[in-house]
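Examining the three-dimensional arrangement
For reference, the chains in residue letters:
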Amino acid sequence: MGVRKINLALQGGGAHGAFTWGVLDRLLEEPTLRFEGVSGTSAGAMNAVMLASGLQQGGHEGARELLARFWHEVSLHALPELPKGLPTAGFGESVTDWMQMLSYYLSPYDLNPLDINPLRSLVERTVDFERLRAASPLRLFVAATDVQSGKLRLFRDTEMTADHLLASACLPTLHKAIEIDGSSYWDGGFSGNPAIYPLVFDCASDDVLVVLLQPLMRVGTPVSASSIRERVAEFGFQSTYLREMRALSYMQFEIRKTPFSLGAFERRVRRLRLHLIETDELLAGLDRASKYDTRLHFLQALHDRGRERAHLWLAQQGHCLGRTSSCDLGLFL
């Protein structure tokens, strides 16, 4: 079997990004797979940059090692458990519950005036950004949201720094906005989670594999206050992706109806082949608070499930690469 070149789109989701770590870990075991471009948001951006830096340092095995090192070091900063028997005063049973409750009333400018972020030191010592900017082994598209305009801003491998990466993962309830060239940025999930269009129009490969951390469909209607909040939050971080996929699906549907000769843009959209790795029941059943759970056993469990999902996808749909979409674009119409 010859080389199969694909593009990757990696959704954000905090600690749930360890699922994507597992997916990438399995894909990197495939000797014929090559990655041309990767679009990532928040945790997806972290995985994308670790993938690129690892490939640069040591090929597929180097990427697997760097991804593992990154997520293991993330676990070293896991929030502690509350002591047994400590009065919770209605704030919940964990430090995460307390932090979420406090964030309703206090901003990070109040709670964290020095803007201490362990993730900054981690990415700065893990990634050689100067080397990555000079000769990235793949094209990077990291999404962030301009605070003033609300517009999507894509940072590319040729300009990538720790600030650009942290901007993509800047949750405004936890950290101050990241300032870059006079503009302020928040988490890219508000404007593109993940952004698909750069993989379609700035890359040559016709295969785009999307790794989602939120299910496309939920069964039933939320009725409790907490489940309603959970679903509303999901809409906020999924709606931009769904709108983009609907637009691409509609364009492809209309273009394929015409028998006439088409321009370069139409030919590109017509050739697009979409593939999808979704979450399993474990990830779909987790609440929003679990996105802040960076304990190693939890991250490792998500990694293992990601590997399983990727292995299943390769076995069942891997043969579609270079031939046809393994995902029905009609899902988005």
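Residues numbered from 1 in each chain as written. Predicted model: local features only at pLDDT ≥ 70, side-chain atom pairs only at ≥ 80, totals over all residues. Heavy atoms only, no water.

**A short note on the packing of aromatic side chains**
Stated formally: Stacked, tilted and edge-to-face are the three classes assigned to paired rings of Phe, Tyr and Trp, where Trp is represented by its six-membered ring and a pair needs centres within 6.5 Å; plane angles under 30 degrees give stacked, over 60 edge-to-face, the rest tilted. In this text, helices come from DSSP runs of H or I with a minimum length of four residues, and strands from runs of E with a minimum of two, each type numbered from the N-terminal end. When a residue's accessible area, from a 1.4 Å probe over protein chains only, is under 20% of the maximum for its type it is buried; when over 50% it is exposed; and in between it is partly exposed.
Under the defined criterion, the tally for this structure stands at 4 aromatic pairs. Aromatic side chains Trp 21 and Trp 71 sit 6.4 Å apart centroid to centroid with 10° between the ring planes, which places their arrangement in the stacked category. With Trp 21 in helix 1 (residues 17-27) and Trp 71 in helix 2 (residues 43-75), this residue pair connects regions lying 50 residues apart in the sequence. Each member of the pair Trp 21 and Trp 71 is classed as buried. Where Phe 155 meets Tyr 185, the ring centres are 5.3 Å apart and the plane angle is 80°; that geometry is what we call edge-to-face. Of this pair, Phe 155 sits in strand 4 (residues 152-156) while Tyr 185 sits in strand 6 (residues 183-187), and the two are 30 residues apart along the sequence.

**What to know about the side chain of Asp 25**
Put simply, the test is: Counted as a polar contact is a pair of N or O atoms within 3.5 Å, where, for protein atoms, one must be capable of donating a hydrogen and the other of accepting one, and residues adjacent in sequence contribute only when both atoms are in side chains.
With respect to the helices and strands, the residue Asp 25 is situated in helix 1. Using a relative accessible area of 7% as the deciding quantity, one classes Asp 25 as buried. Only 2.7 Å separates the side chain of Asp 25 from the side chain of Arg 64, close enough to count as a polar contact.

**Let's talk about the confidence of the model for the protein chain**
Put simply, the test is: The score called pLDDT rates the predictor's confidence residue by residue, from a low of 0 to a high of 100. Here, two residues are considered to be in contact whenever any of their heavy atoms come within 4.5 Å of each other.
Mean pLDDT over the protein chain works out to 87, with 88% of the residues at or above the 70 mark. When the criterion is pLDDT under 50, residues 82-92 qualifies, and its contacts beyond four places in sequence or with other chains add up to 14 contacts.

**Focus on the pairing of strand 4**
As a reminder, the rule being used: One requirement defines pairing of two strands: DSSP has to find at least two bridges between them.
Where strand 3 (residues 139-146) meets strand 4, 5 bridges bridge the pair, whose relative direction is antiparallel. When the sheet's bridge partners are listed, Ala 143 is paired in strand 4 with Leu 154. Remark: 5 residues form the turn of the hairpin made by strand 3 and strand 4, two consecutive strands paired antiparallel; Gly 150 in that turn has positive phi of roughly 80°.

**Observations regarding unusual backbone geometry**
If a residue is not glycine, its phi is most likely negative; likewise, a peptide bond is most likely trans. Asn 193 connects to Pro 194 through a cis peptide bond whose omega is -5°. One non-glycine residue, Asp 181, adopts positive backbone phi at about 50°. Along the chain, the position of Asp 181 falls in the loop between strand 5 (178-180) and strand 6. Under the relative-accessibility criterion, Asp 181 is labelled exposed at 77%.

**Structural notes on the UniProt feature "active site" (unreviewed entry) in the protein chain**
Threshold: UniProt positions are given in the numbering used here, feature names are shortened, and annotations may be inferred rather than shown by experiment.
The feature "active site" (unreviewed entry), as annotated in UniProt, sits at Ser 42 and Asp 187 in this numbering. Across 146 residues in sequence, these annotated residues keep their C-alpha atoms within 6.3 Å of one another, forming a single compact spot. With respect to the helices and strands, Ser 42 occurs in the loop between strand 2 (33-41) and helix 2. Apart from the residues within four sequence positions on either side, Ser 42 is in contact with Gly 12, Ser 168, Ala 169 and Asp 187. Tracing the backbone through its elements, the reader meets Asp 187 in strand 6. Looking at Asp 187, the relative accessible area reads 3%, which means it is buried. Every residue in contact with Asp 187, bar those within four places of it in the chain, is listed here: Thr 41, Ser 42, Thr 145, Ala 167, Ser 168, Ala 169, Cys 170, Leu 171 and Phe 237.

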